[in-house]
Amino acid sequence: MTRKLRSARWFDADDLRGFGHRSRIMQMGYGQEDWSGKPLIAIINTWSDINPCHAHFKQRVEDIKRGVFQAGGFPIELPAMSLSENFVKPTTMLYRNMLAMEVEELLRSHPVDGAVLMGGCDKTTPGLLMGAISMDLPAIYVPAGPMLSGNLRGEVLGSGSDTWKYWDKRRAGEIDEKEWQAVEGGIARSYGHCMTMGTASTMTATTEALGLSLPGASSIPAPDSNHIRMSAASGRRIVEMVNEDLKPSDVLSRASFENAIKVAMAVGCSTNAIIHLIAEGRRAGFDISLADFEAVSRNIPVLANIRPSGDTYLMQDFFYAGGLPALMMRMKDQLDLSARSVTGDTIGSDISGAEVWNDDVIRPLDNPVYAEGALAVLSGNLAPDGCVIKPSACAAKFLKHRGPALVFDSYAQMKAEIDDPDLDVTENTVLIMRGAGPVGGPGMPEWGMLPIPQKLLKAGVRDMIRISDARMSGTSYGACILHVAPEAHIGGPLALVRTGDMIDIDVDARTLNMAVPDSELTRRCAAWVRPEDRFERGYGWMFARHINQANVGCDFDYLETGFGAPVPEPEIL
């Protein structure tokens, strides 16, 4: 290659600093023939002992290294925040931007020429991409892959989705502790992320649709031997990308993000896709907004019959049916096939020849799972900056609804009161929980799938309208209206709702309103007192002062591309 490598700034200089860099890498047993003239590849590994989605990354990093070596590169493993969705409290969303900062600064500060990004567990994917996009070195994403399908005495279990279903049965007294424990032991049977179309599967699919991972990578189950080969192939390809100087800025375009939004709708995506794709798009310099999702949602049907939007299949079935390339091929007329990818070719070329092997898993356009897109963006006097609902995963009767509000000021209050047998609630009541947004949560936890009151569960009710400024797990379902912006904690109209106010929802008209006169809302606003801040120091203090609202992606204001000039390369003096 003729282009000078970035890492050469560390290793080629005939001066005191160059001596220090070379002698210290030799301290680890390497010789000149290991690194000299070769692309140094950072492998950003989000493995940890407490992240089950990434439990196999100890081995996969070795597979990636094998590919890097095969292509003539020199791999360097750099650990990053694991963001274990299951265990990090109050929510991994509080730390997505921290991971993005870490990735950007790891790449900037180290002698590396390109990067392999290892992620999969929900917030790791956008965190890794946001950081890599901002740094803009050649980068390729390796998804963790979905876990195997769950099983309970022959019944297929889907992670998350069946958790909620069986928890409702437990609360309703329909199953006992022994049955509940059997679900615990059968719902997560291998390493890998959720095998429903939750946030993890959604974000790995949209990353592939953006062109930032190898074709077909996102659909491969984590334990499948194809996943090992894909990891090695990604290691080989990143070396070639460095030699070609193929960076995220060369791959990504507005068309890339429009493709990703369309694919998200077609797979029956998680509501979290909106927040993360907006943040990624804005990092890339494109003003992606709720309007882009709304423009697509009317025209792109749900084709992937995967829970929770579908009622039968899981990601393992999706892979066997042809995976994401087959779905994209089926909807190719809706995509911009000229968009580029990390292969160095176009998306159109990448998916050429892909076939669907099961028409019930990946539906034809004339027989969709749901006629419109998975998500709908609503607005009105309750959410002037927008909110989102997943109509493909809720009861049709709630798509147009009017009912009285029952308001909870916090998750703790809701949890303490929801199972009170004397709770004044019916199926037509609109449950509202506030104080769970980006600032109020803090970090906008996945609390938006509010539990059905126990008295209604025992009467057979399994869905009702629930509204919050929180998020919900992509594996969740039901008539949940989420991401209400502005959030209640900073004085959004959600803070002004009172129990008994009538709430009007019309998904077809894309409206969400409270039937309260403007004069009364003005009076309530004047009397409103902002809740006390949750943090007086540290990361949380910084987070609360710089976090954007859900409608613009929940990035830190100072990390967005438009905030200031690009950060220069570090000086080596």
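Everything discussed here concerns the structure shown above.
Cut-off values and rules
Residues numbered from 1 in each chain as written. Predicted model: local features only at pLDDT ≥ 70, side-chain atom pairs only at ≥ 80, totals over all residues. Heavy atoms only, no water. Helix = DSSP H or I, 4+ residues; strand = E, 2+ residues; numbered from the N terminus. Rg over C-alpha atoms; globule rule 2.2 N^0.38 Å. Buried < 20%, exposed > 50% of the residue type's maximum accessible area, 1.4 Å probe, protein only. Contact = heavy atoms within 4.5 Å. Areas by Shrake-Rupley, 256 points an atom, 1.4 Å probe, with all protein chains shown as cover. Lys, Arg positive; Asp, Glu negative; His and termini not counted. Charge placed at Lys NZ, Arg CZ, Asp CG, Glu CD. Pairing = 2+ DSSP bridges. Phe/Tyr/Trp six-rings, centres within 6.5 Å; stacked < 30°, edge-to-face > 60°. Lys NZ or Arg CZ within 6 Å of the ring centre and 35° of its normal. Salt bridge = Lys/Arg side-chain N within 4 Å of Asp/Glu carboxyl O. Expected span 1.5 Å × (residues − 1). Axes fitted to C-alpha atoms, helices over the stretch in contact; angles between N-to-C directions. Parallel < 35°, antiparallel > 145°, perpendicular 65-115°, else oblique. Core = buried A, V, L, I, M, F, W, Y, C linked by side-chain atoms within 4.5 Å.

K.L.:
Explanation requested: the overall build of the chain in the structure shown.
P.N.:
Along the chain, the regular secondary structure elements total 21 helices and 14 strands. Taken against the 2.2 N^0.38 rule, which gives 25 Å for 573 residues, the C-alpha radius of gyration of the chain at 24 Å falls within 12% of a compact globule. Counting only C-alpha atoms, the chain reaches 80 × 55 × 45 Å along its principal axes. Residue burial in the chain is summarised as follows: out of 573 residues, 58% are buried. Within the chain, contacts between residues at least 6 apart in sequence are counted, and of these 77% link residues at least 24 apart. Total accessible area computed for the chain in this model is approximately 21,600 Å², and 51% of it derives from carbon and sulfur atoms. Of the side chains in the chain, 56 bear a positive and 72 a negative charge, and the two mean positions are spaced by 2 Å.

K.L.:
Got a minute to help me understand the pairing of strand S1 (residues 40–45) in this structure?
P.N.:
The side chains of a regular strand alternate between the sheet's two faces. Among the 6 residues in S1, 6 count as buried, and that is most of the element. Of the two faces of S1, both are covered, the one formed by Leu40, Ala42 and Ile44 as well as the one formed by Ile41, Ile43 and Asn45. Examined bridge by bridge, S1 and strand S2 (residues 74–79) share 6 bridges and lie parallel to one another. The residue bridging Ala42 from the neighbouring strand is Ile76, located in S2.

K.L.:
Even after reading the chapter, I still don't get unusual backbone geometry, so can you show me in this structure?
P.N.:
Glycine aside, residues mostly have negative phi, and peptide bonds are mostly found in the trans state. The amide bond that connects Arg307 to the next residue, Pro308, takes the cis arrangement and shows omega of 10°. The omega torsion of the bond from Ala485 to Pro486 falls at -5°, within 30 degrees of zero and hence cis. Structurally, Pro486 is set in the loop between strand S12 (480–482) and strand S13 (502–506).

K.L.:
In this structure, what is going on with the packing of aromatic side chains? I would like to understand it.
P.N.:
A complete count under the given rule lists 11 aromatic pairs for this structure. Both rings, one in Phe543 and one in Phe556, keep their centres 5.6 Å apart while their planes meet at 80°; by these two values the pair is edge-to-face. With Phe543 in helix H21 (residues 538–546) and Phe556 in the segment after H21, the pair connects residues that are 13 residues apart, well separated along the chain. The pair Phe543 / Phe556 is uniform in exposure class, with both members buried. Ring centres of Phe556 and Tyr558 lie 5.5 Å apart, and the angle between their planes is 20°; this geometry places the pair in the stacked category. Relative accessible area serves as the criterion here: at 0%, Phe556 is assigned to the buried category. Three or more aromatic residues joined by ring pairs make a cluster, and in this case those are Tyr95, Tyr539, Phe543, Phe556 and Tyr558. The residue whose ring lies beneath Arg9 is Trp10, and the NZ or CZ to ring-centre distance is 5.6 Å. Cation over ring: Lys169 sits above Tyr166, and NZ or CZ is 4.9 Å from the ring centre.

K.L.:
Sorry if this is basic, but what is going on with the side chain of Asp224 here?
P.N.:
Looking at where Asp224 falls in the secondary structure, it is placed in the loop between helix H9 (199–210) and helix H10 (225–244). Despite being buried, Asp224 has no salt bridge partner; Arg229 is the closest side chain of opposite charge, sitting 5.1 Å away.

K.L.:
What am I meant to see in the pattern of salt bridges here?
P.N.:
Pairing between side chains becomes possible if they bear opposite charge and their charged atoms approach one another. Scanning the model with the defined rule gives 45 salt bridges in all. Residue Asp122 is joined to Lys123 by a salt bridge in which the shortest nitrogen-to-oxygen separation is 4.0 Å. Per residue, the accessibility class of Asp122 equals that of Lys123, and both read buried. A salt bridge links Lys165 to Asp162; the shortest N-O distance between them is 3.3 Å. One end of the pair is Lys165 and the other is Asp162, both in helix H7 (residues 161–171) and 3 residues apart, which spans about a single turn. What makes Asp162 buried here is its relative accessible area of 5%. Among the charged side chains, a network of salt bridges with common partners joins Glu85, Asp122, Lys123, Glu446 and Arg471.

K.L.:
What am I meant to see in the environment of Cys194 here?
P.N.:
Mapping Cys194 onto the fold places it in the loop between helix H8 (177–186) and H9. You can call Cys194 partly exposed: its relative accessible area is 24%. In this structure the C-alpha to C-alpha distance between Cys194 and Met315, which are 121 residues apart in sequence, comes to 8.6 Å.

K.L.:
How do you make sense of helix H6 (residues 124–135) when you look at a structure like this?
P.N.:
Its 12 residues give H6 an end-to-end C-alpha distance of 17 Å, which sits within 8% of 16 Å, the value for a rise of 1.5 Å per residue. By the criterion of burial, H6 is predominantly enclosed, with 11 of the 12 residues buried. Along H6, the residues that are buried comprise Thr124, Thr125, Pro126, Gly127, Leu128, Leu129, Met130, Gly131, Ala132, Ile133 and Met135. Of the residues trailing H6, Asp136 is marked for its positive phi of about 65°.

K.L.:
Is there a simple way to think about the packing of H7 against H8 in this case?
P.N.:
Two quantities define a packed helix pair, namely the angle between the axes and the distance from one axis to the other. Their axes nearest at 10 Å, the elements H7 and H8 cross at an angle of 170°. In terms of orientation, H7 lies roughly antiparallel with respect to H8. Facing H7, whose interface residues are Thr163, Tyr166, Trp167 and Arg170, H8 presents Glu177, Trp180 and Val183.

K.L.:
I would appreciate a short explanation of the sheet that holds S1 in the present structure.
P.N.:
Consider a sheet: its strands pair through backbone hydrogen bonds, and that pairing is either parallel or antiparallel. Taken together, 4 strands build an open sheet; the order of strands is S2-S1-S3-S4 and the sheet is parallel. Pairing within the sheet leaves two strands with one partner each, and these edge strands are S2 and strand S4 (139–143). Along the sheet, successive strands turn relative to each other by an average axial angle of 20°, direction set aside. Along the sheet face, helix H4 (residues 57–70) touches S1, S2, strand S3 (114–119) and S4 and points at about 155° away from the line of S2. Running at roughly 160° to S1, helix H5 (residues 96–109) makes contact with S1, S2 and S3 of the sheet.

K.L.:
In this structure, what is going on with the nonpolar core? I would like to understand it.
P.N.:
Side chains of nonpolar character tend, in soluble globular proteins, to be buried together. Membership of the largest hydrophobic core comes to 112 residues, with the highest contact counts inside it found for Ile44, Leu107, Leu117, Leu277, Phe293, Phe318 and Leu327. Of all the elements, helix H12 (residues 254–266) adds the most residues to this core, at 7 residues. The residues contacting Phe318, other than those within four sequence positions of it, are Ser219, Ala304, Ile306, Gly323, Leu324, Leu327, Val361 and Ile362. Leu378, Ala383, Ala436 and Ile505 belong to the second-largest nonpolar core, a separate cluster that totals 46 residues.

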